[in-house]
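Chain by chain, the residues:
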Amino acid sequence: MGFLVNPVAGMGGAVGLKGTDKLVAEAKKRGARPVSPDRAKAALEALRGLGPDVLFFTASGEMGERVLREKGFEYQVVYQAPEDTGAEDSRTACKAFLDRKIDLIVFCGGDGTARDVAGVTGDVPILGIPAGVKMHSGVFAISPEAAADLIKGYLRGELRLRETEIIDVDEEMYRSGILEARLYGLARTPYKPALVQERKQIYRSDNEDEFKDQIAIFASEFMRDGSAYIIGAGTTTSKIGAVLGIEKTLLGVDVVHDGKLICKDASEKDLLNVLDEVENAKIIISPIGAQGFVLGRGSQQISPKVLRRVGPDNLIIVATPHKLRDTPYLLVDSGDPELDKMLSGRRQVVTGYRMAQLKQVMATSEVVLVQK
Amino acid sequence: MRTKIILDEEEIPKKWYNVAADLPTPLDPVLNPATGKPLDPKDLEPIFPKGLIKQELSTERWIDIPEEVRDIYRLWRPTPLYRAHRLEKVLNTPARIYYKYEGVSPAGSHKPNTAIPQAYYNMKEGVERIATETGAGQWGSGLSLATALFGIECRVYMVRASYDQKPYRRSMMRAWGAECIASPSNLTESGRAVLKDHPDTSGSLGIAISEAVEDAATHDNTNYALGSVLNHVLTHQSVEGLELKKQFELTDDYPDVIYGCVGGGSNYPGVCFPFIPDKLKDKKDLRMVACEPTACPTLTKGLYAYDFGDTAQLTPLLKMYTLGHDFVPPAIHAGGLRYHGDAPLLCNLVHDGIIEAQAFHQNEVFEAATIFTRSEGILPAPESSHAIKPAIDEARECKKTGEKKTIVIALSGHGHFDLSSYDAYHDGTLEDYEYPAELVKQSLAKLPKL
């Protein structure tokens, strides 16, 4: 198992920097203290009792070695980290892990770290111990303890892998008040199917991919109605492309009309042009990442202008039951508060073949109110 | 102030009521899928006894109940009609709420009302073994009881979702000497075909029916039995409604509305069909409302058309409301209501506007069930609770308007095997499913016509 700690992850959060990318010095100046080593230790504490046949490969010092030593685990340092570590060190350390034929890479950090790790790991599964300022990506466990639980289950061969999105927010824009999340890629991560983990009596297929297939087959059927379909980014929607036999842009927005791809990787302007030409249009989107955002994260091309042209009633939300289970409600943050309000309320979410659930959709502004 | 309205054993009906005699629109015939022509009754003989086939096709209004069957009915019939004084008080309503309770049968539901006569006619014709399916386990329990009483072997294919949810239903069937198998199973061609593509499937009633029919068709000594949908089943269940009418004669009351849950449609028609002549001939102002889950809204969202009764297309074609024989409903806790179609007799009356239909989400249904349990004491089955929900709504409406309506709930069974579902509700982990009717309509509109 590869084990990596991003020692500066999360430092910007408490001092109001909304992230730590390129701002470690500033964060330290503002008095930020490292948070990730403690999160990593909490996960390791919960991993005690892991059999002796598990070997950790790690990077030196703060990047993993110190916490593993303090918690008494067997490890081997395969990358010598410099004093001031950065993104490049995360990537190089992961490459060194990959040379050792590891089964899993566990990292402790935030969305930025997830991006660095996923950028080099390919098919090797990764799992995040949450320690960042922002954790939109689907590779994060909900807590260090939950991460330990997933690691144990995976190493025992009890858990499946799923593909999930790696998302990061442009921090410089975020600091100036613009939240622009981008989908950077995909990674495989172990998961415990939420549907069967607590309540065994709710029996159902626990294979998330099977639900994605079901959704895609159903979509391919209802898409025969002559409307143009604007299809958002993500793994669930990309399955629709696979069923239709077209190459759906995984990280972008495409338009499909009568089974044909009429606009690939569309910008907002492209979408508005398409809407000028077609009679009816509908939008299919899926929540992205771990926090249940259907709008405002990942597919910004589907702008308020596009949404208003298509009409809120023609927005079709699709999601696996697993994903819905992870989040108490779905969130919209289109940038147009009035539109967000129109999209809120109990909405049907397609969860399988001819199957839907009712889920509460909320504007982010409402959620803040609720949480206060 | 009486709470239970109870009839004497001698008042167990001597005849069943067959609504086919009183339908304004005649029932569309059952079709042979191979020829597209009405089914030859002989085609049914390999899997049903002649006595039941005769009832299935009968348009006689009254059918004699054999004494041997009435003798067994005495074990729990007549079932009580309760006046829900305590529920009325909790709701603070001027409405009068009654419930006809079938949970007092040995199997805990209305199912033995037809299981007993079905096993009887099979026994009379020398059948040694019966294969059947069960959704929530109520029919499987009912038939296991009946076959035990008549010395017939019984195998029950139980929908996988329920098999895992309700292990004690299995124990009950076993106690009566029946064999209970999770469906889809690898014991039949139909089961193996489904498992090949969907090894993790939660199963469905449609798949389980395919397995049981195949089992009966491929074993010489074996017949098939169905706990719902078919005409003879609904006729047997009429004992409920016939008793209910007599019970109302003992009060100064008459129903304004009767609510009952519908999965395949046997309990509810059993309760309300005997009131059909009152409504049609005597012009009684009586509403009858069939209640179903939004996750499987056959009557409210389905298409009125010919369709197969099972997934593997082994049954004849039935004219009914259907969501499509290939529809596998989500694993809601009212397992007994997860069926893609409904009884043709019931569908006929719904289509003619004589019976209404409404659909409800499972969380609101459990909420209503909880109000009922905490006032009346009885813990109702999740299926039956679909009728409690609108009854409570109606009673609350009466509170607003001041109307003194008489509301009847057809309470088909108890929920003693559904406690894990109650736990899930109280833990807040039940999802509300909804059938995406508009999108399905959209997907069917452009389908190539065969």
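Residues numbered from 1 in each chain as written. Chains lettered and ligands numbered in written order. Predicted model: local features only at pLDDT ≥ 70, side-chain atom pairs only at ≥ 80, totals over all residues.

Novice: Any chance you could explain unusual backbone geometry here in plain terms?
Specialist: Negative phi characterises most residues that are not glycine, and trans characterises most peptide bonds. In this chain, R77 of chain B is followed by P78 of chain B through a cis amide linkage whose omega measures -10°. Omega for the peptide link from S183 of chain B to P184 of chain B comes to 0°, which places this bond in the cis form. Along the chain, P184 of chain B turns up in the loop between β8 (179–183) and α8 (189–197). Residue K101 of chain A is not a glycine yet carries a positive backbone phi of 55°. Inspection of the secondary structure puts K101 of chain A in the loop between α5 (87–98) and β4 (105–109). Under the C-beta neighbour-count criterion, K101 of chain A is labelled exposed, with 8 such atoms within 10 Å. Located in the positive-phi region is N92 of chain B, a residue other than glycine, with phi close to 50°. Tracing the backbone shows N92 of chain B in the loop between α3 (85–91) and β5 (96–101). (Helix = DSSP H or I, 4+ residues; strand = E, 2+ residues; numbered from the N terminus. Buried ≥ 20, exposed ≤ 12 C-beta atoms within 10 Å, placed from the backbone.)

Novice: I'm lost on the packing of α8 of chain B against helix α9 (residues 205–218) of chain B in this one. Help?
Specialist: Residue and element names in this part refer to chain B. For the pair α8 and α9, interaxial distance at closest approach is 7 Å and the crossing angle is 145°. Residue-level contacts link E189, S190, G191 and V194 of α8 to I207, S210, E211 and E214 of α9. Broken down by class, the residue content of the contact of α8 with α9 amounts to two nonpolar, three polar and three charged. (Axes fitted to C-alpha atoms, helices over the stretch in contact; angles between N-to-C directions. Contact = placed C-beta atoms within 7 Å. Nonpolar A, V, L, I, M, F, W, Y, C, P; charged D, E, K, R; others polar.)

Novice: What should I look at first to understand the domain arrangement of chain A in this one?
Specialist: Domains assigned within chain A are domain 1 (2–192) and domain 2 (208–371). Put simply, the middle of domain 1 of chain A and the middle of domain 2 of chain A, counted by C-alpha atoms, are 30 Å apart. (Domains from an automatic or database assignment.)

Novice: What am I meant to see in the environment of A161 of chain B here?
Specialist: Considering the arrangement of structural elements, one finds A161 of chain B in helix α6 (residues 160–165). By the C-beta count within 10 Å, which is 28 here, A161 of chain B ends up buried.

Novice: Can you walk me through the sheet that holds strand β7 (residues 153–159) of chain B in this structure?
Specialist: By definition, the strands of a sheet pair up through backbone hydrogen bonds, in either a parallel or an antiparallel sense. All names here are of chain B. Taken together, the four strands give an open sheet; going across it, the order is β8-β7-β6-β9, and neighbouring strands pair in parallel fashion. Two strands in the sheet have a free side with no partner beyond their single neighbour: β8 and β9 (222–224). On average, each strand axis in the sheet is inclined to that of its neighbour by 25°, with strand direction left out of account. Examined bridge by bridge, β7 and β8 share five bridges and lie parallel to one another. What sits directly across from R155, in β8, is E179. Here α9 sits on the sheet in contact with β6 (129–134), β7, β8 and β9, set at roughly 170° to β6. (Pairing = 2+ DSSP bridges.)

Novice: Explain the interface of chain A and chain B to me, please; I cannot follow it from the model alone.
Specialist: Accessible area lost upon the coming together of the parts is a frequently used measure of interface size. Opposite the 21 residues of chain A that make contact, chain B presents 25 residues. At the level of secondary structure, the elements contributing two or more residues to the side of chain A that touches chain B comprise α10 (208–222), β15 (345–352) and β16 (355–363) of chain A. Classifying every residue of the side of chain A that touches chain B gives eight nonpolar, five polar and eight charged. Judged from the two bridges that link them, β16 of chain A and strand β16 (residues 433–434) of chain B form a sheet pairing that is antiparallel. If you follow Q357 of chain A over to β16 of chain B, its bridge partner there is Y433 of chain B.

Novice: Is there a simple way to explain the packing of helix α4 (residues 112–124) of chain B against helix α5 (residues 138–150) of chain B in this structure?
Specialist: All names here are of chain B. Viewed as axis vectors pointing N to C, α4 and α5 meet at an angle of 40°, and their least axial separation amounts to 8 Å. Judged by the inter-axis angle, α4 sits oblique to α5. Viewed along their axes, α4 and α5 form a crossing whose handedness is right-handed. Of α5, the residues touching α4 (which contributes P112, A115, I116, Q118, A119, Y120 and M123) are G142, L143, L145, A146, T147 and F150. Residue classes in the contact of α4 with α5 are distributed as 10 nonpolar, three polar and no charged. (Parallel < 35°, antiparallel > 145°, perpendicular 65-115°, else oblique. Left-handed = near helix turned anticlockwise from the far one by under 90°.)

Novice: So what exactly am I meant to see when it comes to the nonpolar core here?
Specialist: As a rule of thumb, soluble globular proteins bury nonpolar side chains together. In this structure, L4, I105 and V106 of chain A are the most contacted members of the largest nonpolar core, which totals 232 residues. Per-element accounting of this core gives the leading share, seven residues, to α9 of chain B. Looking at which domains feed residues into this core, each of domain 1 (2–192) and domain 2 (208–371) of chain A gives three or more. Excluding residues that lie within four positions of it along the chain, I105 of chain A makes contacts with G2, L4, C94, F97, V117, T121, V124 and I126 of chain A. (Core = buried A, V, L, I, M, F, W, Y, C linked by C-beta atoms within 7 Å.)

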